[in-house]
Amino acid sequence: GAGVSQSPSNKVTEKGKDVELRCDPISGHTALYWYRQSLGQGLEFLIYFQGNSAPDKSGLPSDRFSAERTGGSVSTLTIQRTQQEDSAVYLCASSPHQAPNSPLHFGNGTRLTVT
Amino acid sequence: SQQGEEDPQALSIQEGENATMNCSYKTSINNLQWYRQNSGRGLVHLILIRSNEREKHSGRLRVTLDTSKKSSSLLITASRAADTASYFCATILSGGSNYKLTFGKGTLLTVNP
C-alpha cells in the first residue's frame, strides 16, 4: 500500500517568503507528526496531531511556524517569513493509533533551502 | 537537549563484520525504538523494545535494553554494504499522555565491500 507522501520533495525559497509543506499520511492512521532534521543532526520534534484532539504544538520553534490537519488526514506545515536558519529537511510521520507502542512510518521529507 | 544519544557518531567496518551501536537516555521510558535512515530518505522502523524487555531479535538485528543503566545497544550481525545508513534510537517517555518520540543524533554506519 501507499506510504506517507510528502510534497514538494525539494523547495528553494527566498528569505522572507512563506512556504507550505504538505503531508499525506497512510490511510487510517490517526496520529501524525512533523519533525525537522538539520544537517548532521537528529530529529527535532515540531508538532503532533492525534485524531480530533488538540495538537501538541510544543516543538514549534517560533510563531512563524503553524500546522493544520484537515479532516484528520492531510496536514500542511506553514512557515511564514522564512529565515535562513529554517533550511532543513522537514519529515512527516504517521502512526496507526495513539498507543506508545506503535512505530512511526515516515515520508521521505521536504528539503527546504532558504536563500 | 536530546533524550537519546548514540555512540559512536560514526562507524566504519568491512562487509561480514558485526556492527554495534549504543544509545543512552536520561529519563524513564515506556519503550525504545531503533530506526534506520538511508541518505536522502525518511526513517524506517527497525525494532521496538519495551521497558520490561531485556533483549529482542529480528533477523540479523539484536537489541538489548538495560533500564538500570539507561542504555540500549543495536547489533547488526554479518553486515552487508546495503546496511550502510544512519541509525537512530528514539524513546517514548513513560507516564501521562506523552507519546512524543524523541530521537538521538544517530550513528552513521559505513559497511565497506
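Reading the values: the criteria
- Residues numbered from 1 in each chain as written.
- Chains lettered and ligands numbered in written order.
- Predicted model: local features only at pLDDT ≥ 70, side-chain atom pairs only at ≥ 80, totals over all residues.
- Heavy atoms only, no water.
- Salt bridge = Lys/Arg side-chain N within 4 Å of Asp/Glu carboxyl O.
- Buried < 20%, exposed > 50% of the residue type's maximum accessible area, 1.4 Å probe, protein only.
- Helix = DSSP H or I, 4+ residues; strand = E, 2+ residues; numbered from the N terminus.
- Contact = heavy atoms within 4.5 Å.
- Pairing = 2+ DSSP bridges.
- Buried area = accessible area lost by both parts, 1.4 Å probe.
- Nonpolar A, V, L, I, M, F, W, Y, C, P; charged D, E, K, R; others polar.

(A) Layout of the pattern of salt bridges. Counting across every chain of the model gives seven salt bridges over all chains. Its salt-bridge partner being A:Arg36, residue A:Glu44 comes within 3.0 Å of it at the nearest N-O pair. Classification of A:Glu44 by relative accessible area gives partly exposed; the value is 31%. Across the pair B:Glu53 and B:Lys56 runs a salt bridge, and its minimum N-O distance is 4.0 Å. Exposure remark for B:Glu53: the relative accessible area of 22% places this residue in the partly exposed category. The exposure class of B:Lys56 is partly exposed, given its relative accessible area of 26%. Salt bridges sharing common partners tie together B:Arg36, B:Arg60 and B:Asp83.

(B) Molecular detail of the side chain of B:Thr107. Secondary-structure assignment places B:Thr107 in strand β11 (residues 107–112). In this view, B:Thr107 contacts B:Glu6, B:Asp7, B:Pro8, B:Gln9, B:Leu11, B:Met21, B:Ala85, B:Ser86 and B:Tyr87; residues no more than four positions away in its chain are not counted.

(C) The arrangement of the environment of B:Leu108 in detail. Residues and elements named next belong to chain B. Inspection of the secondary structure puts leucine 108 in strand β11. Take leucine 108: its relative accessible area is 43%, and that puts it in the partly exposed class. For leucine 108, the residues in contact, after removing those within four places along its chain, are Gln9, Ala10, Leu11, Ala85 and Ser86.

(D) The arrangement of the side chain of B:Ser86 in detail. Residue and element names in this part refer to chain B. When you line up the elements, serine 86 lands in strand β9 (residues 85–93). For serine 86, a relative accessible area of 19% translates into the label buried. When sequence neighbours within four positions are dropped, the list of residues in contact with serine 86 reads Tyr35, Arg36, Gln37, Thr107 and Leu108.

(E) Layout of the pairing of strand β3 (residues 19–25) of chain B. Residue and element names in this part refer to chain B. Going residue by residue along β3, you find Ala19, Met21, Cys23 and Tyr25 tucked away on one face and Thr20, Asn22 and Ser24 left uncovered on the opposite face. In terms of strand pairing, β3 meets strand β8 (residues 71–76) through six bridges, oriented antiparallel. Counted as the bridge partner of cysteine 23 is serine 72 from β8.

(F) The interface of chain A and chain B, seen in detail. The partner chain B presents 20 residues to the 21 residues of chain A that form the contact. Taking both partners together, chain A and chain B bury about 1,700 Å²; carbon and sulfur atoms supply 53% of that area. It is A:Pro100, A:Asn101 and A:Asn108 that lose the most area in chain A upon contact with chain B, and together they represent 30% of the buried surface on that side. At the boundary of chain A with chain B, the tally comes to zero salt bridges. Its residues assigned to classes, the side of chain A that touches chain B shows 11 nonpolar, nine polar and one charged.

(G) Representation of the pairing of strand β10 (residues 110–114) of chain A. Residue and element names in this part refer to chain A. Side chains Thr110, Leu112 and Val114 of β10 all project onto a buried face; the interleaved residues Arg111 and Thr113 project onto a face where none is buried. With three bridges connecting them, strand β8 (residues 88–95) and β10 associate as antiparallel partners. Considered in β10, the bridge of valine 89 is made with arginine 111.

By themselves, these figures tell us nothing about what the structure is for.
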